[in-house]
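A structural walkthrough
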Amino acid sequence: MAIRVVIVDDQVIVREGLRAMLRLEPDIEIVGEAYDGPSAVETSRLHKPEVVLLDVKMPQSRGSDYIGPIREVSPSTRVVMLTAYDDEEYVQQAIRMGADGYALKNLSAAELVDAIRSVHAGSGYIDPAVARAVMDTVSFNTNVSSLTAREQEVLALIAEGLTNVQIAERLYLSINTVKFHVAQILRKLGVQRRTEAAVAALKQGYIPNKTQPD
């Protein structure tokens, strides 16, 4: 089954560019487009997409203002915020509102597809450049030192933007083991999403240890 995607951006040329990047992917289907927040909510209500690509800057509002309304009309929909390098204030708000992913608008087609697939799979996604841009302005009461060596290792890879599958391949672990470690990391750090954990890790200047056996 293809991943059902809605694209939300007020610029037609941006929507066309994103559509062109995604239309050749056999496992992704563009089911709708919207140009502002209210139309994004209505399009989500009609099409029940699995992923919404949502611009952080909407006409006369912030894209993050519509994360909640989108989930109200389509509870299973995951939201990826599309941002530029200078959108720190907007990204901060999106983090507080609980977006599932954060990707730069100038990312490659392969990176965009990875972000969609990762968020759809429940892994979340944050571009390392986005995390670094906002890490000094977002506060989390977290302590990375409370994690085990393996959990710190997994967290470092999350902060690099790797998905669960990529982490499993890098550390020679099963996907279920990675999911367990991620769940433990979120619980110990007191955050709900891996994107928050990634920002917290970068904020603390975390440097990963060498690979340790389980």
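Report follows, based on the coordinates. Because the structure is a prediction, the values reported are computed rather than measured.

1. Considering the overall build of the chain
Looking only at helices and strands, one finds 10 helices and eight strands in the chain. When burial is assessed residue by residue, the chain has 53% of its 214 residues classed as buried. The contacts of the chain with a sequence gap of at least 6 include a subset with a gap of at least 24, amounting to 71%. Total accessible area on the chain is roughly 10,100 Å²; 50% of this is exposed by carbon and sulfur atoms.

2. Points about the pattern of salt bridges
Taken as a whole, this structure holds 10 salt bridges when the rule is applied. For Arg117, the salt bridge identified is with Glu25, shortest N-O distance 3.1 Å. Residue Arg117 is located in helix 5 (residues 109-120), and its partner Glu25 is located in the loop between helix 1 (12-22) and strand 2 (28-34); the two are separated by 92 residues in the primary sequence. Owing to a relative accessible area of 33%, Arg117 belongs among the partly exposed residues under this scheme. Overall, Glu25 belongs to the partly exposed group, its relative accessible area being 23%.

3. Structural notes on the pairing of strand 2
Bridge analysis of strand 1 (residues 3-8) against strand 2 gives six bridges, and the strand direction is parallel. Its bridge partner lying in strand 2, Arg4 is registered against Glu29. Read from strand 1 through helix 1 to strand 2, the crossover connection turns out right-handed.

4. Focus: the nonpolar core
In this structure, Val8, Leu54, Met81, Tyr102, Leu155 and Ile167 are the most contacted members of the largest nonpolar core, which totals 47 residues. Once residues lying within four places of it in the same chain are set aside, the contact partners of Tyr102 are Val80, Met81, Val91, Ala94, Ile95, Tyr125, Ile126, Asp127, Val130 and Thr195. Judged by nonpolar contacts, the second largest core, of 18 residues, contains Val5, Leu53, Leu112 and Ile116.

5. A word on the environment of Arg4
When you line up the elements, Arg4 lands in strand 1. Relative accessible area serves as the criterion here: at 28%, Arg4 is assigned to the partly exposed category. Each C-alpha atom, one on Arg4 and one on Ile116, is 10.0 Å from the other, the two residues being 112 residues apart in sequence. Beyond its immediate stretch of four places on either side in the chain, Arg4 contacts Glu29, Val31, His47, Lys48, Pro49, Glu50 and Val51.

6. Comments concerning the sheet that holds strand 8 (residues 125-126)
Strand order across the open sheet formed by six strands is 2-1-3-6-7-8, with parallel pairing between neighbours. For this open sheet the edge positions go to strand 2 and strand 8, each flanked by a neighbour on one side alone. Relative to strand 7 (residues 101-104), strand 6 (residues 78-83) runs parallel, the two being bridged by four bridges. Paired with Met81 across the strands is Tyr102, a residue of strand 7. Against the sheet, helix 2 (residues 37-47) contacts strand 1, strand 2 and strand 3 (51-55), and its axis sits at roughly 140° relative to strand 2.

7. Some thoughts on the packing of helix 7 (residues 149-159) against helix 9 (residues 175-189)
Contact geometry for helix 7 and helix 9: axes closest at 10 Å, N-to-C directions at 95°. As far as their axial angle goes, helix 9 and helix 7 are roughly perpendicular. Across the interface between the two elements, Arg150, Glu151, Val154, Leu155 and Ile158 from helix 7 touch His181, Val182, Gln184, Ile185, Lys188 and Leu189 from helix 9. Tallied by class, residues from the contact of helix 7 with helix 9 come to six nonpolar, two polar and three charged.

8. As for the environment of Val31
Structurally, Val31 can be placed in strand 2. You can call Val31 buried: its relative accessible area is 14%. Along the primary structure Val31 and Val6 are separated by 25 residues, whereas in three dimensions their C-alpha atoms are 5.9 Å apart. In this structure, Val31 is in contact with Arg4, Val5, Val6, His47 and Pro49, ignoring residues within four places of it in sequence.

So, how was this worked out
- Residues numbered from 1 in each chain as written.
- Predicted model: local features only at pLDDT ≥ 70, side-chain atom pairs only at ≥ 80, totals over all residues.
- Heavy atoms only, no water.
- Helix = DSSP H or I, 4+ residues; strand = E, 2+ residues; numbered from the N terminus.
- Buried < 20%, exposed > 50% of the residue type's maximum accessible area, 1.4 Å probe, protein only.
- Contact = heavy atoms within 4.5 Å.
- Areas by Shrake-Rupley, 256 points an atom, 1.4 Å probe, with all protein chains shown as cover.
- Salt bridge = Lys/Arg side-chain N within 4 Å of Asp/Glu carboxyl O.
- Pairing = 2+ DSSP bridges.
- Right-handed = clockwise from strand over helix to strand, strands pointing away.
- Core = buried A, V, L, I, M, F, W, Y, C linked by side-chain atoms within 4.5 Å.
- Axes fitted to C-alpha atoms, helices over the stretch in contact; angles between N-to-C directions.
- Parallel < 35°, antiparallel > 145°, perpendicular 65-115°, else oblique.
- Nonpolar A, V, L, I, M, F, W, Y, C, P; charged D, E, K, R; others polar.

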